Amino acid sequence: MRPVAEIATGFVITFGSFKVNGFDLLVDPAGWGLCVAGLSQLRRAAGDPFDRAESAAVAMVCVSLAAVVTSLMGSVPEFVGDVVGLTCTAGALIAVWGIADAVIRRVRPAGETSRAALLDVLRWAVTGMGALGALAVHGYAGLGAVAGVACLTATVILIVVLYRSAGLPCLAATESGQPNAAEPA
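Presented here is an overview of the structure given in this document. (Residues numbered from 1 in each chain as written. Predicted model: local features only at pLDDT ≥ 70, side-chain atom pairs only at ≥ 80, totals over all residues. Heavy atoms only, no water.)

### Let's talk about the pattern of salt bridges
This model, assessed by the stated rule, comprises five salt bridges. For R43, the salt bridge is made with E54, and the minimal N-O distance between the two is 2.1 Å. Taken together, the residues span a long stretch of sequence, with R43 in the loop between α2 (28-42) and α3 (49-73) and E54 in helix α3 at a distance of 11 residues. For R43, a relative accessible area of 29% puts it in the partly exposed group. E54 gets classed as buried once you look at its relative accessible area, which sits at 12%. R105 is the salt-bridge partner of D101, the closest N and O atoms lying 2.8 Å from each other. Of this pair, D101 and R105 are both found in helix α4 (residues 78-107), four residues apart, which corresponds to roughly one turn of the helix. (Salt bridge = Lys/Arg side-chain N within 4 Å of Asp/Glu carboxyl O. Helix = DSSP H or I, 4+ residues; strand = E, 2+ residues; numbered from the N terminus. Buried < 20%, exposed > 50% of the residue type's maximum accessible area, 1.4 Å probe, protein only.)

### Section: the packing of aromatic side chains
For the structure shown, the criterion picks out four aromatic pairs. Judged by centre distance (6.2 Å) and plane angle (80 degrees), the ring pair of F11 and W32 falls under edge-to-face. Linking F11 in helix α1 (residues 3-15) with W32 in helix α2, this pair joins segments that are 21 residues apart in sequence. When sorted by exposure, F11 lands in the same class as W32, which is buried. (Phe/Tyr/Trp six-rings, centres within 6.5 Å; stacked < 30°, edge-to-face > 60°.)

Structural measurements only, silent on function.
See the structure below:
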């Protein structure tokens, strides 16, 4: 699977929900793990945008594992569940922003300016609406379901754009951190 397709599939698993008896079978740590795998194939050097995005995705593997453990424990204080939930939401929004930023920084110099602009709008929509949705869930904004629906819509479009971008030569896996011959240095 191409690296960006792995990332998009990770988003599907992470942001999707398929519950049986209250347990989500699409386990978020697995989705974030797929994101880590895709990002590691796109990293050229330590400190580049894909390296930073990979660090955020690794952190989300840990945070989402904590969320799974907390949900399986059953009886935890309400504030613990709130903190874990808020950390998951904030971390996911940061990771999505970083991943989109890394892809934008790779596709724009390759001449894909309209795709970069679309990804830029989508990252703002996902993170902005996601933040508003998180505030609404905790009673700080009276938006009802509007922010959640808008965030879900933007996330689905982001995933589709990532899948459609997976075949771009500039987003092909790199070997030993070296750029591919088909992409600008």
